[in-house]
Amino acid sequence: MKRAVAYFRVSTDRQGKSGLGLEAQHEAVHLFAHHQGYQVTAEFTEIESGKKNERPELMAALLLCKKEKAMLIIAKLDRLGRNVAFIANLMESKVEFLAVDNPHANPLMVHLLAAFAEHERKQISTRTKEALQAAKRRGVQLGKHGREIESKKNSKAAGQFAETMQPIIKALKADGFTTVRGISDELNRRGVETFRNGSEQWHRTTVHRLLKRLYIGKH
């Protein structure tokens, strides 16, 4: 039977410990491997945040694949294919891979996914800046403190700011950032301004408040 190495990825330490998202990937990969005639001889699980670019588990998986002449099997190419670090490491290693959600994907397709992802990130950044500038022109005050933000006087302004953030939050969720912690980390990584000012960092409390205003999911 052909040999394969499984690679899983979850975005937060909490997901890694709870198995949230990991169980589904595990089941999908092993079922796929069985149907394709592969025996999974090793598994590697990457637990990372949106800020980190290192992929030690991926590197270990690639090294084992080269050593054993094994196939790398991943659960979801749509997530990993948007990760520049993953693509760079995968292409450089020249290890063959299969993706459960897109078994016919080839290196060209992966490169295209990376290019589109990079373009989308730049577009999100541009739209964010334009939306914030438009909000300022409408009189939305972005420099107020907590009590003033929650006051009746600035409630409308906070709501307008939340509306400008809605497409950004939806895009982050589509990219796999579904937890409050993951969203706050990624907003900081992309340099998205907070309601207060550009130098303020996003925190779980501010993201939770934003999501509550938008009624987008539960954390």
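Preceding this paragraph is the structure being described.
Summarised in this report is the structure supplied together with it.

Parameters at a glance
- Residues numbered from 1 in each chain as written.
- Predicted model: local features only at pLDDT ≥ 70, side-chain atom pairs only at ≥ 80, totals over all residues.
- Heavy atoms only, no water.
- Helix = DSSP H or I, 4+ residues; strand = E, 2+ residues; numbered from the N terminus.
- Buried < 20%, exposed > 50% of the residue type's maximum accessible area, 1.4 Å probe, protein only.
- Contact = heavy atoms within 4.5 Å.
- Areas by Shrake-Rupley, 256 points an atom, 1.4 Å probe, with all protein chains shown as cover.
- Pairing = 2+ DSSP bridges.
- Axes fitted to C-alpha atoms, helices over the stretch in contact; angles between N-to-C directions.
- Salt bridge = Lys/Arg side-chain N within 4 Å of Asp/Glu carboxyl O.
- Patch = residues over 30% accessible without salt bridge, like charges linked within 9 Å, V, L, I, M, F, W, Y side chains within 5 Å.
- Expected span 1.5 Å × (residues − 1).
- Arc of directions from axis to C-beta.
- Phe/Tyr/Trp six-rings, centres within 6.5 Å; stacked < 30°, edge-to-face > 60°.
- Lys NZ or Arg CZ within 6 Å of the ring centre and 35° of its normal.

**A few points about the overall build of the protein**
Part 1 of the reasoning: A tally of helices and strands in the protein yields 10 helices and four strands.
Part 2 of the reasoning: Listing the helices and strands of the protein from first to last along the sequence gives β-α-α-β-α-β-α-α-β-α-α-α-α-α.
Part 3 of the reasoning: Sorting the 219 residues of the protein into buried and exposed places 42% on the buried side.
Part 4 of the reasoning: Once local pairs closer than 6 in sequence are excluded, the contacts in the protein between residues at least 24 apart make up 68%.
Part 5 of the reasoning: Of the accessible surface of the protein, which amounts to about 12,700 Å², a share of 52% is contributed by carbon and sulfur atoms.

**A word on unusual backbone geometry**
Part 1 of the reasoning: The phi dihedral of Lys-69 is positive, around 55°, even though this residue is not glycine.
Part 2 of the reasoning: With respect to the helices, strands and loops of the structure, Lys-69 is situated in the loop between α3 (56-68) and β3 (71-74).
Part 3 of the reasoning: If you check the backbone angles, Lys-94 has positive phi at about 60° while not being a glycine.
Part 4 of the reasoning: On the secondary structure map, Lys-94 appears in the loop between α5 (84-93) and β4 (97-99).
Part 5 of the reasoning: Lys-94 sits in the exposed class, given a relative accessible area of 73%.

**Considerations on the sheet that holds strand β1 (residues 2-10)**
Part 1 of the reasoning: Pairing is parallel in the open sheet, where four strands are placed in the order β2-β1-β3-β4. The sheet terminates laterally at β2 (38-47) and β4, the two strands that pair on one side only. Neighbouring strand axes in the sheet, compared pairwise and without regard to direction, differ in orientation by 25° on average.
Part 2 of the reasoning: As paired strands, β1 and β2 are joined by nine bridges and run parallel to one another. Counterpart to Ala-6 in the pairing with β2 is Glu-43.
Part 3 of the reasoning: Contacts from helix α2 (residues 22-36) reach β1, β2, β3 and β4, with the element oriented near 160° to β1.

**Describing the pattern of salt bridges**
Part 1 of the reasoning: Scanning the model with the defined rule gives one salt bridge in all.
Part 2 of the reasoning: Taking the shortest distance from any N to any O, the salt bridge between Glu-68 and Arg-3 comes out at 3.0 Å. Placement of Glu-68 in helix α3 and of Arg-3 in strand β1 is noted, with a sequence separation of 65 residues between them.
Part 3 of the reasoning: Using a relative accessible area of 26% as the deciding quantity, one classes Glu-68 as partly exposed.

**Here we look at a nonpolar patch on the surface**
Part 1 of the reasoning: A surface patch of nonpolar side chains, amounting to about 340 Å² of accessible area, comprises Leu-108, Leu-112 and Phe-116.
Part 2 of the reasoning: Among the secondary structure elements, Phe-116 is positioned in helix α6 (residues 107-137).

**Quick look at α3**
Part 1 of the reasoning: Between its first and last C-alpha, α3 extends 18 Å over 13 residues, near the 18 Å set by a 1.5 Å rise per residue.
Part 2 of the reasoning: Here α3 has its buried residues at Leu-58, Ala-61, Leu-62, Leu-64 and Cys-65. Taken around the axis of α3, the buried residues stretch over an arc of 160°, which confines them to a single face. Opposite the buried face of α3, by more than 90 degrees, sit the exposed residues Pro-56, Leu-63, Lys-66 and Lys-67.
Part 3 of the reasoning: Lys-69 sits one or two positions beyond α3 and adopts a positive phi of about 55°.

**Describing the packing of aromatic side chains**
Part 1 of the reasoning: All chains considered together, the criterion is met by zero aromatic pairs.
Part 2 of the reasoning: Directly above the ring of Tyr-38 sits Lys-2, whose terminal nitrogen or CZ lies 4.2 Å from the centroid.

**Thoughts on the side chain of Ser-93**
Part 1 of the reasoning: Following the sequence through the fold, Ser-93 ends up in helix α5.
Part 2 of the reasoning: Look at Ser-93 and you get buried, because its relative accessible area is 12%.

**A look at helix α10 (residues 204-214)**
Part 1 of the reasoning: Buried within α10 are the following residues: Val-207, Leu-210, Leu-211 and Leu-214. Seen from one end, α10 has its buried residues packed into an arc of 95°, which puts them on one side. In α10, the exposed residues that point more than 90 degrees away from the buried face are Thr-205 and Lys-212.
Part 2 of the reasoning: A positive backbone phi angle near 55° is found at Tyr-215, which sits one or two residues after α10.

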